Amino acid sequence: MTKEVLVESFELDHTIVKAPYIRMISEETGPKGDMISNYDIRLVQPNEDAIPTAGLHTIEHLLALLIRKRMDGLIDCSPFGCRTGFHMIMWGSHSTTEIAQVIKSCLEEIAEVTTWEDVPGTTIESCGNYKDHSLFSAKEWAKLILEQGISDDPFERHIVE
Ligand SMILES: [Zn+2]
């Protein structure tokens, strides 16, 4: 037996959003009362471009570290299969403005400061595809995203400082 399901992300009209943006997907409360929130971290305009796998992979490893240095409660931040951004899942409730400011700060560190020695998990022991990383690509994409600015609204450009 299976049941009817509706996946929120597939209901979004991807032709009307204006990336880069942060969008709240959902806030959910578990049976014990704990709340989690789920965000669409859209870094690239859907169906116009996509971050190549190696750069996206390096951004993923860096965000796992850099987000946790900036805020508590990160459960997971994983790339979309379409390579236009990430799903970010947090304990508790947060504004899209707060998330946008954190992602902006992480991308600034990647673009301006990060060296290869700073990238976590780049060995055969610590990554599932350790040969597929590019810090050069990660930095160039971070710069492009920052040049456009990150909006805390998916439909109207409202760029965070
Ligand atoms: Zn990896």
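Parameters and conventions
Residues numbered from 1 in each chain as written. Predicted model: local features only at pLDDT ≥ 70, side-chain atom pairs only at ≥ 80, totals over all residues. Heavy atoms only, no water. UniProt positions renumbered as here; feature names shortened; annotations may be inferred. Donors = N, O, S within 2.8 Å, 3.2 Å for Na, K, Ca; no water. Helix = DSSP H or I, 4+ residues; strand = E, 2+ residues; numbered from the N terminus. Buried < 20%, exposed > 50% of the residue type's maximum accessible area, 1.4 Å probe, protein only.

The chain goes by S-ribosylhomocysteine lyase in an unreviewed UniProt entry, where it is assigned to Streptococcus cuniculi. For the chain, the Subunit (unreviewed entry) comment in UniProt is given as "Homodimer." According to its UniProt record, the chain has this under Catalytic activity (unreviewed entry): "S-(5-deoxy-D-ribos-5-yl)-L-homocysteine = (S)-4,5-dihydroxypentane-2,3-dione + L-homocysteine".

With that settled, the discussion passes to the coordination of the zinc ion. Looking at the metal site, the zinc ion is ligated by His57 (NE2), His61 (NE2) and Cys127 (SG), spaced 2.1 to 2.3 Å from it. Sequence spacing of the donor residues for the zinc ion, all on one chain, is H-x3-H-x65-C. Placement of the pair is His57 in helix α2 (residues 53-70) and Cys127 in the loop between α3 (96-112) and α4 (135-148), with a sequence separation of 70 residues. Relative accessible area serves as the criterion here: at 13%, His57 is assigned to the buried category. Owing to a relative accessible area of 13%, Cys127 belongs among the buried residues under this scheme.

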